[in-house]
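# Chain and residue survey
Next come the chains, spelled out residue by residue.
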Amino acid sequence: MTPKSNSESITFAPLQPEHLELVHAWENDPVLQDLSSEEIKEHSLEEVREALDKWIVGTNDTWVRGIYLGDELIGYVQIAAIDRVNQRCRIGILIGNSMHWGRGYGTAAFAFAVQYAFETLGMNRIGAEAYGNNPRSMRMLEKVGFRREGILRDNVFRGGRFLDEIVFGLLREEWELLL
Ligand SMILES: CC(C)(COP(=O)(O)OP(=O)(O)OC[C@H]1O[C@@H](n2cnc3c(N)ncnc32)[C@H](O)[C@@H]1OP(=O)(O)O)[C@@H](O)C(=O)NCCC(=O)NCCS
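Please read all numbers here as calculations on a predicted model, not as lab measurements.

## What to know about the overall build of the protein chain
Broken down by element type, the protein chain carries six helices and seven strands. The linear arrangement of helices and strands in the protein chain, starting from the amino end, is β-α-α-α-β-β-β-α-β-α-β-β-α. Here the C-alpha atoms of the protein chain give a radius of gyration of 16 Å, agreeing with the 16 Å that 2.2 N^0.38 yields for 179 residues. With the C-alpha coordinates of the protein chain rotated into their principal frame, the extents come out at 40 × 40 × 35 Å. Evaluated residue by residue, the protein chain yields a buried proportion of 28% over its 179 residues. Summarising the internal contacts of the protein chain: among those between residues at least 6 apart in sequence, 61% fall at separations of at least 24.

## Examining the pairing of strand β4 (residues 88-95)
Examined bridge by bridge, strand β3 (residues 72-83) and β4 share seven bridges and lie antiparallel to one another. Along β4, the bridge assignment pairs valine 77 with isoleucine 93. Between β3 and β4, which follow one another and run antiparallel, lie four residues, and glutamine 87 among them has a positive phi close to 55°. Pairing of β4 with strand β5 (residues 125-131), which is carried by three bridges, proceeds in the parallel orientation. Note on β5: the bridge partner recorded for arginine 90 is glycine 127. Handedness of the crossover joining β4 and β5 through helix α4 (residues 105-120): right-handed.

## Examining the environment of alanine 117
By the secondary structure assignment, alanine 117 is in helix α4. Here the alpha-carbon distance between alanine 117 and isoleucine 91, two residues 26 residues apart in the chain, equals 9.0 Å. If we skip the residues at most four places from it in the chain, alanine 117 touches Ile79, Cys89, Ile91, Met123 and Ile126.

## Considerations on α4
Here α4 spans 22 Å end to end across 16 residues, near enough to the 22 Å set by a 1.5 Å rise per residue. Positive phi shows up at glycine 122, right after α4, with a value of about 70°.

## Focus: the site of the ligand
In the region of the ligand, 21 residues are neighbours, and Trp101, Gly106, Thr107, Pro135 and Arg139 sit closest. At the level of elements, α2 (30-36), β4, α4 and α5 (135-144) are the ones that each hand at least two residues to the shell around the ligand. A per-element tally of the shell around the ligand places α5 first, with five residues.

## Focus: the nonpolar core
In terms of nonpolar packing, the biggest core is built from 42 residues, with Ile91, Ala109, Phe110, Val114 and Ala117 touching the most fellow members. Element by element, the count of residues in this core is highest for α4, at nine residues.

## What to know about helix α1 (residues 20-27)
Listed in full, the buried residues belonging to α1 are Val23, Trp26 and Glu27. Looking straight down α1, one finds that the buried residues subtend no more than 95° of arc, so they occupy a single side. Buried residues along α1 sit in contact with α2, α3 (45-57) and β4.

## Side note on the packing of α4 against α5
At their nearest, the axes of α4 and α5 sit 9 Å apart, and the two run at 50° to each other. With respect to α5, the element α4 is oriented oblique. Seen along the crossing, α4 lies across α5 with a hand that is right-handed. Facing Gly106, Thr107, Phe110, Ala111 and Val114 of α4, the residues of α5 in contact are Met140, Lys143 and Val144. In the contact of α4 with α5, the residues fall into five nonpolar, two polar and one charged.

## Quick notes on the sheet that holds strand β7 (residues 161-171)
Taken in spatial order, the seven strands make up an open sheet running β1-β2-β3-β4-β5-β7-β6, and their pairing is mixed. One side of each edge strand has no neighbouring strand; the edge strands of this open sheet are β1 (10-13) and β6 (147-158). Sheet twist, expressed as the average angle between the axes of neighbouring strands with direction ignored, equals 25°.

Criteria and thresholds
Residues numbered from 1 in each chain as written. Predicted model: local features only at pLDDT ≥ 70, side-chain atom pairs only at ≥ 80, totals over all residues. Helix = DSSP H or I, 4+ residues; strand = E, 2+ residues; numbered from the N terminus. Rg over C-alpha atoms; globule rule 2.2 N^0.38 Å. Buried ≥ 20, exposed ≤ 12 C-beta atoms within 10 Å, placed from the backbone. Contact = placed C-beta atoms within 7 Å. Pairing = 2+ DSSP bridges. Right-handed = clockwise from strand over helix to strand, strands pointing away. Expected span 1.5 Å × (residues − 1). Near = placed C-beta within 6 Å. Core = buried A, V, L, I, M, F, W, Y, C linked by C-beta atoms within 7 Å. Arc of directions from axis to C-beta. Axes fitted to C-alpha atoms, helices over the stretch in contact; angles between N-to-C directions. Parallel < 35°, antiparallel > 145°, perpendicular 65-115°, else oblique. Left-handed = near helix turned anticlockwise from the far one by under 90°. Nonpolar A, V, L, I, M, F, W, Y, C, P; charged D, E, K, R; others polar.

Pasting the structure below:
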């Protein structure tokens, strides 16, 4: 749970319209898609612009923050499927340039979104998923306190092979014990 020391240099703020091309490139990056997308496909600039416009202002069920290293946008963390009746949501994350991986930024950003979901949104449960080809993501989730709840075997097909989807969850009462 403790971020590595250089994670202190990242900050979180809304995305901006000027980030359209960068986000469009990330959404279409085959390496990132392989690790994190439900479906491998081409996203048009218009499609990404529409999504980005919503992410900038937020919606009733979505909250997104850019992850900044100094002035540079290096990724984003997203709370999605906010369900106020069942007090649950999901969190996803992307750091666009692999040069920035493995420095504790993902863990720090995920922990920031978890705190927002429990403290500000009043959620009781947060769900997250990782594919079987993404041990880095699983390690990050476990560092933040998530538990492995189950495996959806062969749940996605890409690059000529099936991948398991590992389902993670964190409850408010478990998170409070980590504070
Ligand atoms: C997943 C992601 C957000 C993680 O961010 P990050 O900044 O690289 O993560 P951190 O540095 O905070 O933590 C990664 C941990 O995984 C570990 N790790 C890296 N490769 C690993 C591997 N092959 N097996 C097991 N652990 C691994 C690191 O050592 C580190 O753990 P440690 O601090 O105990 O050493 C980032 O890599 C990313 O954006 N990937 C592409 C998109 C993606 O996968 N999104 C998540 C979809 S669920």
